[in-house]
Structures are given as structure tokens and as C-alpha cells.
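The residues making up each chain are set out below.
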Amino acid sequence: IDMMGGSYRRLCDLLGGRYIEFDLRKPVRMNPFAGEYSDEQAAYWTNFLYLIVRDPGTAAAMSQEVRGVLTDALKSAFARKGGAEVFLSDVAGILGSLGDLGARLAARLRPFVRGVGVFGEIFDGPSTLPDSEIPRFTVFDMTGAKDHKDLLAPLLGAVIQQIQQFVAAPHFRGVRKIIPIDEGWKALKNHSGEEFVEEAFKTFRKMYAAALFMTQDIEDIVRSEAGRAIINNSSTFIIFKHSDESF
């Protein structure tokens, strides 16, 4: 995951990898609701929706009332589609019919609805990510979202889901995997990013995967909630020249 972008394009080309760039002028679409309904998936989808509909700038936990309405909308969307792929606009349409709270949540989804909102091409509709065999080197370039606070949290959440599914896939269990997070301080400023970093350092090794965290300042790690997980679960530290004040 390249939080600032551009640093890995040439390397990716040289290695014949896949470079996934999120640019509103030529958007790549990920459908977060692809797949069959299950309680485990519904929990992720509900959390993903909350990244969009929550009050801007808050990291407050989701209330049970909001969780219930979002979950009901998801269940209804999958039931209505009868096995066909569910899209964000399907969920938004149902939310609008679930009372005052549902209508308010649906209104917050509008910027992400295709044909309506400025971010409508990012999550609403069939995925445009290549579904061919995963190359050995894949870069998620997050540059296009860094100036859009409303987009960064759900986009990072969707990318995190892609990575978690890849790491946990049974046919990749015996394959060594490395997940580098460059300019990681940017991820730590985001609640979803911080949770992902903590989980990666605590659990990925069980699935034959390693997380690498790269940042410019030791304080980025020390000041964060995920910093303890990074420090306690890392066997190797590479520290370049810092000022004396950094220590």
C-alpha cells in the first residue's frame, strides 16, 4: 500500500506487476458487496458502510441503532437481488425506505452512488479490477484519495478487505506473502488504517505473511494506538539517520 503514491510505479513495471491507481479522472471500481451473503461478510459490509455514513472527522463507534438499520438494508438488498450481484446503489435505495434514520443514512451515501455523486464510480457497480491470476507484485496507489477525506476512509477499508481476503485465502496459505505499507503515518491517521496495521502485525504471521511498516519519523509509531503492536510483533527494525531529539 503506497499512501502517497508514485514511488513504486517503475519497480512494478520492471517486475511485471499490477499497479492499481485510484484516480477520479479514470477511476478503478471495487464492489465491496461482491460475493455471497454471510453473517461474517455482513459485519464487514456494515462497517464499510459506516465509514461512509458516519459524521465527518469522528472515530466514534457505531451505535446499535445505526448498525441495525445498515444490516437490515444489506439483508434486504441481497434478498431482493436473488443471487445477482448487489451494488451500493441497491443498499442506498433500500435504506431510504427504512424510516427517518435510514433516509439520513441514504443521503450520506449519495456522493458514492453511480450517476449521482462525485465518487459514484469508485464502489457502485461491477468491479473493474482485473480478475486474472494475482501477480507476484501488486501496488495500491492511494494518491488520488489523499485530498478527499470523505473518500480515503472507505477506500482504504475496501483495499484492506482485498488484502485480508488474499492473505487468508486457503490456496495461498503456503505461499510467503509480504505486505509493505509505505508512508505508513498516513494510514495511522485513519481509524480503519490504524486497525488494519494492528491486525496485520498481530495476525498475518499465522497465515505465512509479513507486514512491513515504513515511515519517516519514529514518533509516528510511538504516538499511535497501533504502535505497540508494531513494536511488540516486529523482529527486525531498520532505523536510518535521525536527529538526537527523535530518541
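Everything that follows concerns the structure shown earlier in this document.
Conventions and cut-offs
Residues numbered from 1 in each chain as written. Predicted model: local features only at pLDDT ≥ 70, side-chain atom pairs only at ≥ 80, totals over all residues. Heavy atoms only, no water. Helix = DSSP H or I, 4+ residues; strand = E, 2+ residues; numbered from the N terminus. Rg over C-alpha atoms; globule rule 2.2 N^0.38 Å. Buried < 20%, exposed > 50% of the residue type's maximum accessible area, 1.4 Å probe, protein only. Areas by Shrake-Rupley, 256 points an atom, 1.4 Å probe, with all protein chains shown as cover. Lys, Arg positive; Asp, Glu negative; His and termini not counted. Charge placed at Lys NZ, Arg CZ, Asp CG, Glu CD. Arc of directions from axis to C-beta. Contact = heavy atoms within 4.5 Å.

Engineer: Now, about the overall build of the protein: what can you tell me, with residues and values included?
Structural biologist: Counting its regular elements, the protein contains 11 helices and 4 strands. Radius of gyration (C-alpha) of the protein: 19 Å, near the 18 Å computed for a compact globule of 247 residues. Counting only C-alpha atoms, the protein reaches 60 × 40 × 35 Å along its principal axes. Per-residue burial for the protein yields a buried fraction of 43% across its 247 residues. When the accessible surface of the protein is totalled, it reaches about 13,800 Å², and 51% of it is carbon and sulfur. One finds the centroid of the 29 positive side-chain charges in the protein at a distance of 2 Å from the centroid of its 32 negative side-chain charges.

Engineer: Any chance you could break down helix 4 (residues 88-95) for me, citing the residues and the numbers?
Structural biologist: When helix 4 is considered as a whole, its buried residues turn out to be Leu-88, Val-91, Ala-92, Ile-94 and Leu-95. Seen end-on, helix 4 carries its buried residues on one side only, within an arc spanning 165 degrees. Its buried side turned inward, helix 4 meets helix 2 (39-53), helix 3 (64-81), helix 5 (99-109) and helix 6 (120-123).

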